Amino acid sequence: MTTKTPACGWDQAVFRCGRCGTEHTATSEADYLKAVGVHGDAHAVWDRLNPIERDGITSILRTILAAPDLAAELLVLADRQPAGGESR
């Protein structure tokens, strides 16, 4: 008689932020570590912004994330601007 040991590995893990309560579910250790890192980075950026900057970046992200083609075109335009950032 042989006893089979169940395979070890990930099913899923939930990351719950102690600061804001956001939850992310990951199905691999790499995805979990990425979620924790990205969320921590988001808090770090958010904490550096004042309320006006927070409103502005939120509006910009909502617009860009709703239109990935727009985001790509904005990057093309940004890459073509002179070094001083002046528009043509």
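Keep in mind it's a predicted model, so treat the numbers as computed, not measured.

Visitor: Describe helix H2 (residues 51-65), listing the residues and the values that go with them.
Guide: The end-to-end C-alpha distance of H2 is 21 Å, a good match for the 21 Å that 15 residues give at a rise of 1.5 Å each. Sitting at the head of H2, Asn50 places a side-chain oxygen 2.9 Å from the backbone nitrogen of Ile52.

Visitor: Before we move on, could you go through the pattern of salt bridges and cite the residues and values that matter?
Guide: Applying the stated criterion across every chain, the model contains two salt bridges. Two residues, Arg16 and Glu23, come together in a salt bridge whose shortest N-O distance is 2.7 Å. Since its relative accessible area comes to 54%, Arg16 is described here as exposed. Among the ionic pairs, Arg19 bridges to Asp47, the shortest N-O distance being 2.9 Å. One end of the pair, Arg19, is in the loop between strand E1 (13-16) and strand E2 (23-26); the other, Asp47, is in helix H1 (residues 29-48), with 28 residues separating them in the sequence.

Visitor: Tell me about a nonpolar patch on the surface, residues and numbers included.
Guide: Side chains of Trp46, Ile57, Leu61 and Leu65 sit close together on the surface and give an oily, nonpolar patch of about 390 Å² of accessible area. As for its position among the elements, Leu61 is in helix H2. With relative accessibility at 42%, the residue Leu61 sits in the partly exposed group.

Visitor: Go over the state of the cysteines, please, and point to the residues and values.
Guide: Within this structure, the stated rule accounts for zero disulfides. The thiol of Cys20 is unpaired, and the distance to the nearest cysteine sulfur, on Cys17, comes to 3.8 Å. Judged by relative accessible area, which is 41%, Cys20 ranks as partly exposed.

Visitor: Report on the side chain of His43, specifying residues and quantitative values.
Guide: Mapped onto the secondary structure, His43 falls in helix H1. Discounting residues that sit within four places of it in the chain, His43 has contacts with Cys17, Arg19 and Cys20.

Visitor: Help me get a handle on H1, residues and values and all.
Guide: Relative to the 28 Å expected for 20 residues at 1.5 Å per residue, H1 spans 29 Å between its end C-alpha atoms, a close match to the ideal helical length. Residues Ala35, His39 and His43 constitute the buried set of H1. Looking straight down H1, one finds that the buried residues subtend no more than 65° of arc, so they occupy a single side. What points out from H1, more than 90 degrees from its buried face, is the exposed set Ala30, Leu33, Lys34, Asp41 and Arg48. Where H1 is buried, its residues contact E1 and E2.

Analysis parameters
Residues numbered from 1 in each chain as written. Predicted model: local features only at pLDDT ≥ 70, side-chain atom pairs only at ≥ 80, totals over all residues. Heavy atoms only, no water. Helix = DSSP H or I, 4+ residues; strand = E, 2+ residues; numbered from the N terminus. Expected span 1.5 Å × (residues − 1). Polar contact = N/O pair within 3.5 Å; in protein donor to acceptor, adjacent residues only side chain to side chain. Salt bridge = Lys/Arg side-chain N within 4 Å of Asp/Glu carboxyl O. Buried < 20%, exposed > 50% of the residue type's maximum accessible area, 1.4 Å probe, protein only. Patch = residues over 30% accessible without salt bridge, like charges linked within 9 Å, V, L, I, M, F, W, Y side chains within 5 Å. Areas by Shrake-Rupley, 256 points an atom, 1.4 Å probe, with all protein chains shown as cover. Disulfide = S-S within 2.5 Å. Contact = heavy atoms within 4.5 Å. Arc of directions from axis to C-beta.

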